[in-house]
Amino acid sequence: MMDTLRAAVAELLLVDHHVHGAFDVPVTRARFEESINEGSPDPIPGWMTQFDSQLGFAIRRWCAPLLGLPGHAPADDYWARRAELGEQEVAGRLLPAAGVSDWIVDTGYLGGDLLAPSGLAAVSGGRAHEIVRLEALAESLAADGVSGARYADAFRDLLRVAARAAVGVKTVVAYRTGFDIDWTPPPPAEVTASAGRWLSDAGPEPRLTDPTLLRFGIHSAVDLGLPIQIHVGYGDRDLDLHRVNPMLLLGLLRRPEVAAVPIMLLHCYPYHREAGYLAQSFNNVYFDVGLALNHVGARATAIVAESLELAPFAKQLYSSDAWGPAELHYLGAHLWRHAITEIAGGWVSAGDWSAADAQRVITMIGKDNARRVYQL
C-alpha cells in the first residue's frame, strides 16, 4: 500500500501557491549560505557554516544526488560541484524535479537577481502566475512623487491595472507593523493626511510602515475580490514574531466585506495550529506551512502532521516560499511529498483512513484547492 501511495504522490504535479524566483546570476558560497538562513540578514560568521542546519543537511541529502553527488556529500564537496555546474545548470536540474505544474510567484522582494515568472516557467516546464505585492505598489507611487491628495486614487488605479495580469495580491503587513492594529477601513481624510506625512519623509528608498496606509491598501484589495495572501509567523528578524500570530487578524476576518474574499495565510509556523483553527472557523480562510518545511528539514513530517489536525482539508494548500537557491524550490516539494506520504500512509495502515481518501486529500492539498481558489 505504501509503495502505491508513494508512487501516486511522486507523480502528482503540484501547484506551488506562494514562491519567488530562483537565482539567475552566479552566487558566492557566502551569499548562498546567507540565502539558506531565513532569520538573519547578516553574513554567516566565519566560525560556522549554514550547511550545519536542518536545511543544510536536507540539501546535502536530497539535492546532492541530482547534482551527481552521493547523498550526504560533505558541504565542501557539494559547494564545489554546485560551483562547477553553475547556477543555470543547477536550476535546470532542480526546478523540473520539483514536479510543479503551476508557480504562483511573488516578484515583490529583491527580484533583480532572480528568474522572472516567465523564466521560472521556462526552466521548470511549468506555468507561472503573478501575485501583486501591495506595499511594493505604494512604494512605487512614492518613488514617482505622487502627492498626498492624489495618493488614494492613484493607488487604487495602479492596483486595478496590476491586478489584471495577476491571480491574487499579497501583503507583508507582518513586517511593517504586525497584526495588532486597528483593522477598520480608514476614512479618506485620514488616508490623505497619512499619505502626506509618509510621502514627505519617504526618501529615495521608500518603505511603507504607516498602519493607516497599510490598512488602506488591504481594504482596497478586498474591493477587488482577488485572493489576499498574508505573511504569517516565521520570517527574518525584521518582524516581531509575537505580533504576527494570526489570531490578531480576527478584527479583519470578522468584517462582513472580508468574508467574501479568500484570505491565504502563508507559512504560519509556529502558529500553524492557530491558522488551522481560523481555517475551520472562517469559510474564506486558507493556510499553508510553506517556508517552514525547508528550514525544519527532517522535522517536516511533524509540522505537516500538526497542520492536518484541525483544519478542513479543502482549506489547506502546498507552497515552498522558495527564494533564491533552486534547492529550495525542489526541497519544498520533496519534503512535502515525503511528509504527506508518511503521515497519510500511516493512517491508512492503522485503519484510520482509506487509501482512496488518502490519495484524494493529498491531491486536494497538493493542487486542487489552489486551482479552485486562484481560478487557474
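Worth saying up front: this structure is predicted, and the values here are computed from it rather than measured.

Peer 1: Run through the overall build of the protein, naming residues and quoting values.
Peer 2: On a plain count of helices and strands, the protein comes out with 17 helices and seven strands. Relative to the compact-globule value of 21 Å for 376 residues, the protein shows a C-alpha radius of gyration of 21 Å, a close match. A principal-axis box enclosing the C-alpha atoms of the protein has dimensions of 60 × 50 × 35 Å. With 376 residues in all, the protein has 56% of them scored as buried. Of the contacts made within the protein by residues no fewer than 6 positions apart, 77% connect residues no fewer than 24 positions apart. Approximately 15,200 Å² of the protein is accessible, and the part contributed by carbon and sulfur atoms is 52%.

Peer 1: Just give me the short version of helix α11 (residues 211–224), but keep the residues and values in it.
Peer 2: Its 14 residues place the ends of α11 20 Å apart at the C-alpha level, agreeing with the 20 Å of an ideal helix rising 1.5 Å per residue. Within α11, 11 of the 14 residues are buried, which leaves the element mostly enclosed by the surrounding structure. Those residues of α11 that fall on the buried side of the exposure criterion are Thr 212, Leu 213, Leu 214, Arg 215, Phe 216, Gly 217, Ile 218, His 219, Ser 220, Ala 221 and Val 222. Between a side-chain oxygen at the N-terminus of α11 and the backbone nitrogen of Thr 212 the separation is 2.9 Å; the capping residue is Asp 210. Once α11 finishes, Gly 225 follows within two positions and takes phi at roughly 85°, a positive value.

Peer 1: Quick rundown of the pattern of salt bridges? Include the residues and the values.
Peer 2: Throughout the structure, instances matching the rule amount to 25 salt bridges. With a shortest N-O distance of 3.5 Å, Arg 6 and Asp 3 are connected by a salt bridge. Of this pair, Arg 6 and Asp 3 both sit in helix α1 (residues 2–11), three residues apart, roughly one helical turn.

Peer 1: Any chance you could break down the packing of helix α16 (residues 326–349) against helix α17 (residues 355–373) for me, citing the residues and the numbers?
Peer 2: What describes two packed helices is the angle between their axes and the distance between those same axes. The interhelical angle for the contact between α16 and α17, taken along N-to-C directions, is 155°, at an axis separation of 9 Å. It follows from the interaxial angle that α16 and α17 lie roughly antiparallel. As for the relative orientation of α16 and α17, their crossing is right-handed in sense. Residues Trp 336, Ile 340, Ala 344 and Val 348 of α16 lie in contact with α17, whose contacting residues are Ala 355, Ala 358, Ile 362, Ile 365 and Gly 366. Of the residues contributing to the contact of α16 with α17, the split by class is eight nonpolar, one polar and no charged.

Peer 1: Requested: an account of the environment of His 72, with residues and values cited.
Peer 2: Position of His 72 among the secondary structure elements: in the loop between α3 (54–63) and α4 (75–85). Expressed as a C-alpha distance, the spacing of His 72 and Pro 188, which sit 116 residues apart in the sequence, is 58 Å. Residues in contact with His 72, not counting those within four places in the same chain, are Arg 60 and Arg 61.

Peer 1: Pulling in residues and values, what's your account of the pairing of strand β3 (residues 127–133)?
Peer 2: In terms of strand pairing, strand β2 (residues 100–106) meets β3 through five bridges, oriented parallel. Across the sheet, the residue bridging to Ile 104 is His 129, located in β3. At this point the chain moves from β2, through helix α6 (residues 117–124), to the parallel β3, and the crossover so formed is right-handed. Relative to strand β4 (residues 166–171), β3 is paired through four bridges, and the arrangement is parallel. Bridge assignment links Ile 131 to a residue of β4, and that residue is Gly 168.

Rules of the game
- Residues numbered from 1 in each chain as written.
- Predicted model: local features only at pLDDT ≥ 70, side-chain atom pairs only at ≥ 80, totals over all residues.
- Heavy atoms only, no water.
- Helix = DSSP H or I, 4+ residues; strand = E, 2+ residues; numbered from the N terminus.
- Rg over C-alpha atoms; globule rule 2.2 N^0.38 Å.
- Buried < 20%, exposed > 50% of the residue type's maximum accessible area, 1.4 Å probe, protein only.
- Contact = heavy atoms within 4.5 Å.
- Areas by Shrake-Rupley, 256 points an atom, 1.4 Å probe, with all protein chains shown as cover.
- Expected span 1.5 Å × (residues − 1).
- Polar contact = N/O pair within 3.5 Å; in protein donor to acceptor, adjacent residues only side chain to side chain.
- Salt bridge = Lys/Arg side-chain N within 4 Å of Asp/Glu carboxyl O.
- Axes fitted to C-alpha atoms, helices over the stretch in contact; angles between N-to-C directions.
- Parallel < 35°, antiparallel > 145°, perpendicular 65-115°, else oblique.
- Left-handed = near helix turned anticlockwise from the far one by under 90°.
- Nonpolar A, V, L, I, M, F, W, Y, C, P; charged D, E, K, R; others polar.
- Pairing = 2+ DSSP bridges.
- Right-handed = clockwise from strand over helix to strand, strands pointing away.

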